[in-house]
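Report on the structure
This is what each chain is made of:
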Amino acid sequence: MSHVSLRCESCGAAHPSNMDILGCHGCGCPLDVEYTAAGPSVPIAGYDVRMPFHEPAATLSLGEGNTPVVELSKIGEALGIKRLDVKLEFMNPTGSYKDRGTAVMLSVARELGIREIVEDSSGNAGASVSAYAARSGIKAHIFAPASAPAAKLKQIRVYGAEVHAIEGSRDDTTDAAIAFYKRNGLVYASHAWSPFFFEGTKTFAFEVARRYGGEPPSHVVFPVGNGGLFLGAWRGFSELLDDGRIGRMPRLHAVQAANAMPITARSRGGGWSQADAQPTIAGGISVAAPARGGQVVDVLRRANGTAVAVAETEIASMQKALARDEGIFAEPTSAAALAGIHHLAAEGVIAPGDSVLAPITGFGLKDEVRFDVEG
Ligand SMILES: Cc1ncc(COP(=O)(O)O)c(C=O)c1O
Ligand SMILES: [Zn+2]
């Protein structure tokens, strides 16, 4: 018997654990893993962490997780914050945080005997899924915007996945992937939908809890497109809180590009529609219609978080400041989170004496450099 059930986050309906079910049979909303019986756990940062697969010894790993935390003293001082740390998620095996989620999602896929999968991505999730698929002998079809950075498309091809480059927006890429998996009767291993992906990204929270001796920083600030790391971290911190491993939930904030800000608009009550979306240099958060948008807004409320939107120029100058002042070469998408801290401080959400942590979600060489390197 499985120790896992998939629970609808909206109407509460329970579904059996497999990768054929995407949304709730009743209302179509996304599903989350729920543990209904004792099952396997794996050691993460010294904690026993429950996982949705059945054979921990047979799971897939490329050594993801255990990323370092470093302090940004100059940028922290410039932002007027006493303690600003970043967790270098680009030190995961394919250069982005996605590997945490992929490792668990593809462990489940392998256990279920799945041989061929479809995923859509701005590039990083595609590269991550391609790597773990290669390792497990699964064929991967990766749908990505034709305009995705050349380095990311190349990385996907290097691992031997089939790239389907789609003209149009990031959301057009999702539509094409969905049409393809349905037409061909394949499994949609979507990092935006799959409940198993979020069971992998929850490991971020356990590492943070351990790193800070059970007292996480007051604020954790994420770049949010679909909310893969944001929602996973929430799940992890919630488990830690329920088990009495941390004393309080850190406030979890979401940063979006002003050019693609559905969650920010929804959580702040501002008018914004998909038709208002513009291209952004932060390609990882260029998501106008996030699958779990309602869930992210709900978690923002529960985690006492705030969503902010940043301008393109702010993202570019933060990419430069991270490199020039701190020696950190981040993707523009990752720099967006740091740019958002400025807004959160200006709005008084973050006070000068507070401690703040942000993930640097992707490595700079994967994307374009958005500032003048001669300047
Ligand atoms: C580097 C980087 N950071 C952040 C994100 C945003 O992740 P999510 O869409 O899961 O919120 C992405 C997504 O592609 C990314 O590539
Ligand atoms: Zn439902």
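Summary of the structure given here.

Calculation criteria
- Residues numbered from 1 in each chain as written.
- Chains lettered and ligands numbered in written order.
- Predicted model: local features only at pLDDT ≥ 70, side-chain atom pairs only at ≥ 80, totals over all residues.
- Heavy atoms only, no water.
- Salt bridge = Lys/Arg side-chain N within 4 Å of Asp/Glu carboxyl O.
- Helix = DSSP H or I, 4+ residues; strand = E, 2+ residues; numbered from the N terminus.
- Buried < 20%, exposed > 50% of the residue type's maximum accessible area, 1.4 Å probe, protein only.
- Donors = N, O, S within 2.8 Å, 3.2 Å for Na, K, Ca; no water.
- Tetrahedral: all angles 85-135°; square planar, octahedral: opposite > 155°, others 65-115°.
- Axes fitted to C-alpha atoms, helices over the stretch in contact; angles between N-to-C directions.
- Parallel < 35°, antiparallel > 145°, perpendicular 65-115°, else oblique.
- Left-handed = near helix turned anticlockwise from the far one by under 90°.
- Contact = heavy atoms within 4.5 Å.
- Nonpolar A, V, L, I, M, F, W, Y, C, P; charged D, E, K, R; others polar.
- Pairing = 2+ DSSP bridges.
- Near = heavy atom within 4 Å.
- Polar contact = N/O pair within 3.5 Å; in protein donor to acceptor, adjacent residues only side chain to side chain.
- Areas by Shrake-Rupley, 256 points an atom, 1.4 Å probe, with all protein chains shown as cover.
- Domains from an automatic or database assignment.
- Phe/Tyr/Trp six-rings, centres within 6.5 Å; stacked < 30°, edge-to-face > 60°.
- Lys NZ or Arg CZ within 6 Å of the ring centre and 35° of its normal.
- Core = buried A, V, L, I, M, F, W, Y, C linked by side-chain atoms within 4.5 Å.

Our focus in this paragraph is the pattern of salt bridges. Under the counting rule described, the total for this entry stands at 17 salt bridges. The partner of Arg292 in a salt bridge is Asp32, with the nearest N and O atoms 3.0 Å apart. Taken together, the residues Arg292 in the loop between α9 (262-268) and α10 (293-302) and Asp32 in strand β3 (residues 31-35) connect sequence positions 260 residues apart. Across this residue pair, the class does not change: Arg292 and Asp32 are buried. When the shortest N-O distance is used, the salt bridge between Lys202 and Glu199 registers 2.7 Å. Residues Lys202 and Glu199 agree in their burial class; the two are buried.

The next subject is the coordination of the zinc ion (ligand 2). In the first shell of the zinc ion (ligand 2), the protein supplies Cys8 (SG), Cys11 (SG), Cys24 (SG) and Cys27 (SG), at 2.3 Å from the metal. Because the angles between the four donor atoms bound to the zinc ion (ligand 2) fall within 99 to 121°, the donor set is best described as tetrahedral. Mapping the donors of the zinc ion (ligand 2) onto the primary sequence gives the spacing C-x2-C-x12-C-x2-C. Accessibility expressed as a relative area gives 46% for Cys11, which makes it partly exposed.

Turning next to the packing of helix α7 (residues 203-211) against helix α8 (residues 228-242). Two elements in contact, α7 and α8, have axes whose closest approach is 6 Å; the angle formed by their N-to-C orientations is 55°. Classified by the interaxial angle, the pair formed by α7 and α8 is oblique. Note that α7 runs across α8; the crossing there is right-handed. Taking contact as the criterion, the partners of Phe204, Ala205, Phe206, Val208 and Ala209 in α7 are, on α8, Leu229, Ala233, Gly236, Phe237, Glu239 and Leu240. In the contact of α7 with α8, the residues fall into nine nonpolar, one polar and one charged.

Strand order in the open sheet made by the three strands is β2-β1-β3, with antiparallel pairing throughout. Pairing within the sheet leaves two strands with one partner each, and these edge strands are β2 (14-16) and β3. Between one strand and the next, the sheet's axes are offset by a mean angle of 40°, whatever the strand orientation.

Below, the discussion takes up the site of ligand 1. The local shell around ligand 1 holds 17 residues, among which Tyr97, Asn124, Gly227, Gly228 and Thr361 are the closest. In the model, an oxygen atom of ligand 1 is placed 3.4 Å from a nitrogen or oxygen of the Gly284 main chain. When isolated, ligand 1 has an accessible area of 390 Å², and the protein chains bury 98% of it. Among the residues making up the shell around ligand 1, the classes are represented as four nonpolar, 11 polar and two charged. Counting residues domain by domain, the shell around ligand 1 receives three or more from each of domain 1 (69-94 + 197-366) and domain 2 (97-195).

The next thing to look at is the packing of aromatic side chains. Overall, the coordinates contain eight aromatic pairs when judged by the stated rule. Geometrically, the ring pair formed by Tyr181 and Tyr188 is stacked, given 4.9 Å between the ring centres and 10° between the ring planes. Here Tyr181 and Tyr188 have matching classes, each one buried. Consider the rings of Phe329 and Phe363, whose centres lie 5.7 Å apart with planes at 65°: the pair is edge-to-face. Taken together, the residues span a long stretch of sequence, with Phe329 in the loop between α11 (312-326) and α12 (332-346) and Phe363 in the segment after β15 (355-359) at a distance of 34 residues. The exposure class of Phe363 is partly exposed, given its relative accessible area of 28%. Three or more aromatic residues link up through ring pairs in this structure, and these residues are Phe90, Phe329 and Phe363. The lysine or arginine in question, Arg210, covers the ring of Tyr47, its NZ or CZ lying 4.3 Å from the ring centre. Its guanidinium or amino end placed over the ring of Tyr212, Arg211 lies 5.3 Å from that ring's centre, counting from NZ or CZ.

This part is about the nonpolar core. Ranked by internal contacts, the top residues of the largest apolar core, which has 73 residues, are Met19, Ile117, Phe222, Phe230 and Phe237. Per element, the largest residue contribution to this core is seven residues, and it comes from α8. When residues of this core are sorted by domain, at least three fall in each of domain 1 (69-94 + 197-366) and domain 2 (97-195). Ignoring sequence-local partners within four residues, the contact set of Phe222 consists of Phe204, Leu229, Phe230, Ala233, Leu252, His253, Ala254, Val255, Ala337 and Pro359. Among the nonpolar cores identified, the runner-up in size contains 34 residues, and Ile285, Met318, Ala335 and Ile360 belong to it.

A few words now on the environment of Ser218. By secondary structure assignment, the location of Ser218 is in the loop between α7 and β12 (219-223). Excluding residues within four positions of it along the chain, Ser218 makes contact with Arg248, Pro250, Arg251, Asp354 and Ser355.

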